[in-house]
Amino acid sequence: MRNLEEFFLEPGCSHNGEKTEKERKKGCSKPQPGSASGGCAFDGAQITLLPIADAVHIVHGPIACAGNSWDNRGTRSSSSDYYRMGFTTDLNEINVIYGGEEKLLDAIKEAADKYKPPAVFVYQTCVPAMIGDDIVSVCKRASEELGLPVIPVDSPGFAGSKNLGNKLAGDALFRYVIGTREPKYTTPYDINLLGEYNIAGELWQIMPLFQELGINILACISGDAKYEDVAVAHRAKVNMVVCSKALLSLARKMEEKYGIPYFEGSFYGIKNTSEALRNFAKLLGSEELIEKTEKLIAKKEEETRQKLKPYIEKLKGKKVLINTGGVKSWSMVSQVQELGMVVVGTSSKKSTKEDKERMFKLLGDDGKLIDDTNPKELVKLCREHKVDVLMAGGRSKFVAIKEGIPFLDTNQERIKPYAGYDGMIVLAQELVRTIYSPVFDLYKEPPPWQY
Ligand code: SF4
């Protein structure tokens, strides 16, 4: 297992920057009890890498690790669907006694033979890490024997939280994948998106904007990605970190090694999408592109605002409570505010200092930051503010159902894409459908046997 200290001393991370020297020395490398309750490090690593759809992803561990996380995210692929197949070594008691390395080697060979993938990713989990299985050596041996990249992802769940797993996955890409191949061709406007997972097809909503500007997405890490795309990502001219802090370390390392500048941003909402496009144009450094981008932004903003008018009439003044994580906790606030809605609160549990500053600015006196998002607190807020809709992940659905409040799934299981200008229209449509759906009034009524 790698020394985890460096992942908590990330110079580009504001979490780390706000600590005193003493606190920094103490580090946050010791996971606190319960820190993996929102997903363990293995889960986080898999979230980041699984969307590389043409590779085979083998979970080295007991069946439950793969079973619990199998297909639980709405990431989409335009080509291969290997990422939806639950490959695992399914370790049992015998393997715990005698070791699971041989089983892993056989599994890699079998998968390579059957599916002929361009690469295999191998995820370490708690049990084999504790019995001392050396996945790095096994992957090296398999790679030499098969003539195929076999990437070890040393991310046992006990190492820490989901967020740490995202970082470990980024590190695996940096060490073993990025820079190992050369692109067939390059353009002056090659870019990468880091931390965009194409949930419900959101990448496809923003791709036409880049195409219109002549900007080439060399690699999206890792939504709808192919292994080859990631391997050539070092030739991009600009990186955008889409998902908050998860892949910030990767962006910083790519800047140091390959001189690729990066910025952090979001594609949720009109303003955020325009700002992201402007940042790309600025960093790509062409006056012609800046001009073209401004024209596209003006056209798209106008078109979107026109299309949104009928929805805004229905949504204006409606109260919304948002319980989501990371970058979405502020970018979704801005998104629904652009629809005329009032945000009474948004979760800040997983947010960075910068995320919180943005939230404060957006919310003003209207809403509050919620650090404790347990169901009891959510119920309290819903009742206190007479909330019209709860936007959250699947786990909060039951709060909404019990309280008889309309609920919109905005986390990784969602089936509708909300990114870019087009995503704004989809979100507005979904909010109107949800808030005005008769079903929520019906289930507030007592059951027939209580009439
Ligand atoms: S890696 Fe560890 S914490 Fe994560 S699912 Fe497997 S056993 Fe549980």
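Computed from a prediction, not measured in an experiment: that's the story for all the values here.

A.B. asks: Would you explain the site of the ligand in this entry?
C.D. replies: Surveying the vicinity of the ligand reveals the residues Cys-40, Phe-42, Cys-65, Thr-125, Cys-126 and Gly-157. Its residues assigned to classes, the shell around the ligand comprises four nonpolar, two polar and no charged.

A.B. asks: What am I meant to see in helix H19 (residues 420-435) here?
C.D. replies: Because each turn of an α-helix spans 3.6 residues, side chains separated by three or four positions in sequence point in the same direction. Taking 1.5 Å of rise per residue, the 16 residues of H19 would be expected to cover 22 Å, and the 22 Å separating its terminal C-alpha atoms lies within 8% of that figure. Within H19, 13 of the 16 residues are buried, which leaves it mostly tucked inside the rest of the structure.

A.B. asks: For this particular structure, what's the right way to read the sheet that holds strand E8 (residues 262-264)?
C.D. replies: Strand pairing in a sheet is mediated by backbone hydrogen bonds. Such pairs are either parallel or antiparallel. Taken together, the four strands give an open sheet; going across it, the order is E6-E5-E7-E8, and neighbouring strands pair in parallel fashion. The two strands at the open ends of the sheet, each matched to only one other strand, are strand E6 (216-222) and E8. Taking each pair of neighbouring strands and ignoring which way they run, the sheet shows an average axis angle of 20°. In terms of strand pairing, strand E5 (residues 190-196) meets E6 through six bridges, oriented parallel. Pairing of Asp-190 across the sheet is with Asn-216, part of E6.

A.B. asks: I would appreciate a short explanation of the sheet that holds strand E9 (residues 319-323) in the present structure.
C.D. replies: Spatial strand order, E11-E10-E9-E12-E13: five strands in an open sheet with parallel pairing. At either margin of the open sheet sits one strand with a lone partner, and together these are strand E11 (368-370) and strand E13 (407-409). Put simply, the sheet's adjacent strands are angled 20° from each other on average, direction ignored. Here three bridges tie strand E12 (residues 389-392) to E13, and the two strands are oriented parallel to one another. In the sheet register, Leu-390 faces E13, and the bridge partner there is Phe-407.

A.B. asks: Even after reading the chapter, I still don't get helix H8 (residues 135-146), so can you show me in this structure?
C.D. replies: The end-to-end C-alpha distance of H8, which contains twelve residues, comes to 16 Å, matching closely the 16 Å that a straight helix rising 1.5 Å per residue would cover. Taken residue by residue, H8 has Ile-135, Val-138, Cys-139 and Ala-142 as its buried positions. The buried residues of H8 occupy an angular sector of 95° when the element is viewed end-on, so they sit on one face. Residues Lys-140 and Glu-144 are exposed on H8 and point more than 90 degrees away from its buried face. Between the side-chain oxygen of the N-cap and the backbone nitrogen of Val-136 there are 3.3 Å, and the N-cap of H8 in question is Asp-134. Among the residues trailing H8, Gly-147 stands out with phi positive, at a value near 65°.

A.B. asks: Mind showing me how you'd approach the environment of Met-130 here?
C.D. replies: Of note, Met-130 is situated in helix H7 (residues 126-131). Owing to a relative accessible area of 61%, Met-130 belongs among the exposed residues under this scheme. It is 9.7 Å that separates the C-alpha atoms of Met-130 and Phe-158, two residues lying 28 residues apart in sequence.

A.B. asks: Help me understand the nonpolar core in this model?
C.D. replies: When a protein is soluble and globular, its nonpolar side chains tend to lie buried together. Ranked by internal contacts, the top residues of the largest apolar core, which has 54 residues, are Leu-193, Phe-210 and Leu-431. In terms of residues, this core owes the most to one element, H19, which gives nine residues. Phe-210 has contacts with Ile-191, Leu-193, Ile-215, Ile-217, Phe-267, Leu-277 and Phe-280, leaving out every residue within four places of it along the chain. In this structure, Val-153, Ala-200, Ala-233 and Leu-248 belong to the second largest nonpolar core, which totals 37 residues.

A.B. asks: Could you clarify how one ought to interpret the packing of aromatic side chains in this entry?
C.D. replies: Two measures describe an aromatic ring pair: the distance that separates the ring centres and the angle between the ring planes. One pass over the full model with this rule turns up seven aromatic pairs. Consider the rings of Phe-210 and Phe-267, whose centres lie 6.1 Å apart with planes at 85°: the pair is edge-to-face. Of this pair, Phe-210 sits in helix H10 (residues 202-213) while Phe-267 sits in the loop between E8 and helix H13 (270-284); the two residues are 57 residues apart in sequence, bridging distant segments of the chain. In this structure Phe-210 comes out as buried when scored by relative accessible area, which is 1%. The exposure class assigned to Phe-267 is buried, which follows from its relative accessible area of 3%. A ring pair is formed by Phe-210 and Phe-280, whose centres lie 5.4 Å apart and whose planes are at 85°; its orientation type is edge-to-face. One end of the pair, Phe-210, is in helix H10; the other, Phe-280, is in helix H13, with 70 residues separating them in the sequence. Residue Phe-280 is classed as buried on the basis of its relative accessible area of 0%. Ring pairing ties together the aromatic residues Phe-210, Phe-263, Phe-267 and Phe-280, which thus form one cluster. Sitting over the face of the ring of Phe-174, Lys-257 holds its NZ or CZ atom 5.5 Å from the ring centroid. Stacked on the ring of Tyr-436, the Lys or Arg Lys-314 has its end atom at 4.8 Å from the ring centre.

A.B. asks: Sorry, what's going on with the pattern of salt bridges here?
C.D. replies: Oppositely charged side chains can form a pair if their charged atoms are brought close together. Taken as a whole, this structure holds 19 salt bridges when the rule is applied. Ionic pairing is found between Asp-171 and Lys-253, a salt bridge with its closest N-O pair at 3.0 Å. Of the two residues, Asp-171 sits in helix H9 (residues 162-176) while Lys-253 sits in helix H12 (residues 248-258), which places them 82 residues apart along the sequence. Judged by its relative accessible area of 12%, Lys-253 is buried. A salt bridge links Glu-182 to Arg-235, with the shortest nitrogen-to-oxygen separation between them at 2.8 Å. Here Arg-235 lies in the loop between helix H11 (227-231) and strand E7 (238-241) and Glu-182 lies in the loop between H9 and E5, a separation of 53 residues in the sequence. By relative accessible area, Glu-182 is classed as partly exposed at 46%. Judged by its relative accessible area of 38%, Arg-235 falls in the partly exposed class.

What counts, and where the lines are drawn
- Residues numbered from 1 in each chain as written.
- Predicted model: local features only at pLDDT ≥ 70, side-chain atom pairs only at ≥ 80, totals over all residues.
- Heavy atoms only, no water.
- Near = heavy atom within 4 Å.
- Nonpolar A, V, L, I, M, F, W, Y, C, P; charged D, E, K, R; others polar.
- Helix = DSSP H or I, 4+ residues; strand = E, 2+ residues; numbered from the N terminus.
- Expected span 1.5 Å × (residues − 1).
- Buried < 20%, exposed > 50% of the residue type's maximum accessible area, 1.4 Å probe, protein only.
- Pairing = 2+ DSSP bridges.
- Axes fitted to C-alpha atoms, helices over the stretch in contact; angles between N-to-C directions.
- Arc of directions from axis to C-beta.
- Polar contact = N/O pair within 3.5 Å; in protein donor to acceptor, adjacent residues only side chain to side chain.
- Core = buried A, V, L, I, M, F, W, Y, C linked by side-chain atoms within 4.5 Å.
- Contact = heavy atoms within 4.5 Å.
- Phe/Tyr/Trp six-rings, centres within 6.5 Å; stacked < 30°, edge-to-face > 60°.
- Lys NZ or Arg CZ within 6 Å of the ring centre and 35° of its normal.
- Salt bridge = Lys/Arg side-chain N within 4 Å of Asp/Glu carboxyl O.

Coordinates in, geometry out; function isn't part of it.
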